[in-house]
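# An overview of the molecular structure
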Amino acid sequence: MKKWVFRYKFAVLMLFVNLGLLIAYPALGRESFLHTRDNTMEMLYIIPPIFMILGLLDVWVPRETMIRLMGERSGIHGKLIGFLMGSMAAGPLYVAFPVAGLLIKKGSKLSNVLIFIGAWSTTKIPLLLFEAGALGWSFMLTRFVVNLFVILLIAGLTEKLLNASDKEDLNKRAQTLST
Amino acid sequence: MFTVILYIIATGLLIASYLNDRKKTKQALIKAWKAFENILPQFITILFIIGIMLSLLKPETISRLIGGESGFSGMFLAAIVGAVTLIPAFVAFPMASSLLDNGAGIMQIAVFISTLMMVGIVTMPMEIQYFGKKATLLRNSLAFGFSFLVAVIIGGVIQ
């Protein structure tokens, strides 16, 4: 019970902030609750398939297979898999973190997981189509091509700049987080 | 539309899993729930923050912030706004498009879109939970820096 309260303390705090807003500025507070409701509905729509796939991956894909596909010596294939997985996703970036945690736990190379994160954040296919519609094809395509390199650079640099103990800490987090 | 495809894939895999091994399938669903419940407190917090943010920061306010100033200071401001705010894409792209129509600079818009997608100040606590402080700070600052490069190239290509 105590643990439950501790884990949800910020969520409860934000609920009270929003309630306070509703009392002090009824119109603003109401609008805020409506935004939260709309976003919650959208999240509830997106989340079930992603976490179902995550659970099935965890149970069915052995660590050795994941190491072969996305591990230290997976080469260009690991990068490609990370990129494709991220691009085929749906939902905001913070939904990607639990999936990334699982990929690390199963022995993926950190930079490949960061490529997955990068792709999820900027090259999701539905997003690209929407972007082309709103801002034009040349804007979208230029951003897409430049981002291919930027995603690789960010992933490579982040991994290079972390030392062995940072990586060990990262692996420990992954082991304890996704049960 | 795309989410429908994800549902079809997930359901297909679930059925295949169930036909092969019922016990393992049950285990997978329990793991799915646990992974979700693990992150649920942060999800709820973020959903409230987005709600408050969207009601306080009206599109007009954001437009004034990133559409007004030009040059590097304008770009920097746009990058900060993108990094701090959490605006869903279906709001951000049409907003960016109308800003461009109203005379905002292409580089300001590009850097805003770029940091909005890649940098997440508000979601950092969640990212730290999975990646640790150092990796999270590195990824976000690198993404922030490279957003300017992306913007300058887009600005050069589209005139």
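The rules behind these values
Once a new chain begins, its residue numbering starts again from 1 and follows that chain's sequence as written. Going through the entries in the order they are written, you letter the chains from A and number the ligands from 1. Side-chain atom pairs in this predicted model are given and counted only at pLDDT of 80 or more, local residue features only at pLDDT of at least 70, and totals for whole chains, interfaces and linings cover all residues. Helix numbering and strand numbering both begin at the N terminus, where a helix is a DSSP run of H or I of at least 4 residues and a strand a DSSP run of E of at least 2. In this setup the radius of gyration rests on C-alpha atoms only. A globule is expected at 2.2 Å times the number of residues raised to 0.38. With C-beta atoms placed from the backbone, a residue is labelled by how many other C-beta atoms lie within 10 Å of its own: buried for 20 or more, exposed for 12 or fewer, partly exposed between the two. Each residue is represented by a C-beta atom placed from its backbone, and any two residues with such atoms within 7 Å are regarded as in contact. Delimitation of the domains relies on an automatic or database domain assignment. Think of a nonpolar core as buried Ala, Val, Leu, Ile, Met, Phe, Trp, Tyr and Cys residues chained together by C-beta atoms that fall within 7 Å. By definition, pLDDT measures how confident the predictor is in each residue, and it falls between 0 and 100. For helices, the axis comes from a line fit to the C-alpha atoms of the stretch in contact; other axes are also lines fit to C-alpha atoms, and the angle between any two N-to-C directions lies between 0 and 180 degrees. Working definition: roughly parallel below 35 degrees, roughly antiparallel above 145 degrees, roughly perpendicular at 65 to 115 degrees, and oblique for all remaining angles. In this scheme the crossing of two helices becomes right-handed for a clockwise turn of the near helix relative to the far one and left-handed for an anticlockwise turn of less than a right angle. Amino acid classes used here: Ala, Val, Leu, Ile, Met, Phe, Trp, Tyr, Cys and Pro are nonpolar; Asp, Glu, Lys and Arg are charged; the rest, including Gly, are polar. The arc in question is the one spanned by the directions pointing from the helix axis to the C-beta atoms.

Now for the overall build of chain B. When helices and strands are tallied, chain B shows seven helices and zero strands. Sequence-ordered secondary structure for chain B, helices as α and strands as β, is α-α-α-α-α-α-α. Taken over the C-alpha trace, chain B has a radius of gyration of 20 Å; the compact-globule value for 159 residues is 15 Å, which it surpasses by more than 25%. Taking the principal axes of its C-alpha atoms as reference, chain B extends roughly 60 × 35 × 30 Å. Per-residue burial over chain B gives 45% buried out of 159 residues. Long-range contacts, defined here as pairs at least 24 residues apart, represent 75% of the contacts in chain B between residues at least 6 apart.

What chain A contains, in helices and strands, is 10 helices and zero strands. In chain A, the order of α-helices and β-strands from amino to carboxyl end is α-α-α-α-α-α-α-α-α-α. Its C-alpha atoms give chain A principal-axis dimensions of roughly 55 × 50 × 30 Å. A total of 179 residues make up chain A; the buried ones form 42% of that total. For chain A, the share of sequence-separated contacts (at least 6 apart) that also reach a separation of at least 24 residues comes to 74%.

This part takes up the interface of chain A and chain B. Opposite the 69 residues of chain A that make contact, chain B presents 62 residues. For the side of chain A that touches chain B, the secondary-structure elements that each account for two or more residues are helix H2 (9–24), helix H3 (26–60), helix H6 (96–105), helix H7 (110–122), helix H8 (125–135), helix H9 (137–161) and helix H10 (164–177) of chain A. Per-element tally for the side of chain A that touches chain B: the top contributor is H3 of chain A, with 23 residues.

Once the domains are mapped, chain A shows domain 1 (1–47) and domain 2 (61–177). The centre of domain 1 of chain A, based on its C-alpha atoms, is set 30 Å off from the matching centre of domain 2 of chain A.

Turning next to the nonpolar core. Judged by nonpolar contacts, the single largest core of 94 residues is most densely connected at Ala96, Ala100 and Phe116 of chain A together with Ala96 and Phe112 of chain B. Setting aside residues up to four positions removed in sequence, Ala96 of chain B forms contacts with Ala134 and Leu135 of chain A together with Ile109, Phe112 and Ile113 of chain B.

Next up on the list: the confidence of the model for chain B. Residues and elements named next belong to chain B. Per-residue pLDDT for chain B averages 90, and the proportion of residues at 70 or more is 99%. Here helix H3 (residues 59–67) stands out as the element of chain B with the lowest mean pLDDT, 77, in contrast to helix H7 (residues 124–157), whose mean of 95 is the highest. Scored as a whole, the predicted complex attains pTM 0.91, and scored at its interfaces, ipTM 0.90.

Another aspect to go through is the environment of Ala92 of chain B. Residue and element names in this part refer to chain B. As for its placement among the helices and strands, Ala92 is situated in helix H5 (residues 89–101). Its 23 C-beta neighbours within 10 Å are what place Ala92 among the buried residues. C-alpha of Ala92 to C-alpha of Phe112: the two residues are 20 residues apart in sequence and 9.5 Å apart in space. Setting aside chain neighbours within four positions, we find Ala92 in contact with Ile87, Ile113 and Leu116.

Here the focus is the packing of helix H4 (residues 71–84) of chain B against helix H6 (residues 106–118) of chain B. Residue and element names in this part refer to chain B. Two elements in contact, H4 and H6, have axes whose closest approach is 7 Å; the angle formed by their N-to-C orientations is 25°. The pairing of H4 with H6 is recorded here as roughly parallel in orientation. Note that H4 runs across H6; the crossing there is right-handed. In this structure, H4 contributes Gly74, Met75, Ala78, Ala79, Val81, Gly82 and Ala83 to the contact, and H6 contributes Met107, Gln108, Val111, Phe112, Ile113, Ser114, Thr115 and Leu116. Classifying every residue of the contact of H4 with H6 gives 10 nonpolar, five polar and no charged.

What follows is about H8 of chain A. For H8 of chain A, the complete set of buried residues consists of Leu127, Glu131, Ala134 and Leu135 of chain A. All buried residues of H8 of chain A fall inside an arc of 70° around its axis, so they share one side. Of the surrounding secondary structure, the elements contacted by the buried residues of H8 of chain A are H9 of chain A together with H5 of chain B.

The next subject is the domain arrangement of chain B. Residues and elements named next belong to chain B. Splitting chain B by domain gives domain 1 (1–56) and domain 2 (58–159). With centres defined by C-alpha atoms, the gap from domain 1 to domain 2 works out at 28 Å. In this complex, domain 1 contributes six residues to the contact, which on the side of domain 2 involves six residues. Residue composition of the side of domain 1 that touches domain 2, grouped by class: five nonpolar, one polar and no charged.

We now examine the environment of Leu157 of chain A. All names here are of chain A. Relative to the helices and strands, Leu157 is located in helix H9. With 16 C-beta atoms packed within 10 Å, Leu157 lands in the partly exposed category. Separated by 46 residues in sequence, Leu157 and Ser111 have C-alpha atoms that sit 8.5 Å apart.

What follows is about the environment of Val111 of chain B. If you trace the backbone, Val111 of chain B turns up in helix H6. Remark: the alpha-carbon pair of Val111 of chain B and Leu137 of chain B, spanning 26 residues in sequence, is separated by 19 Å.

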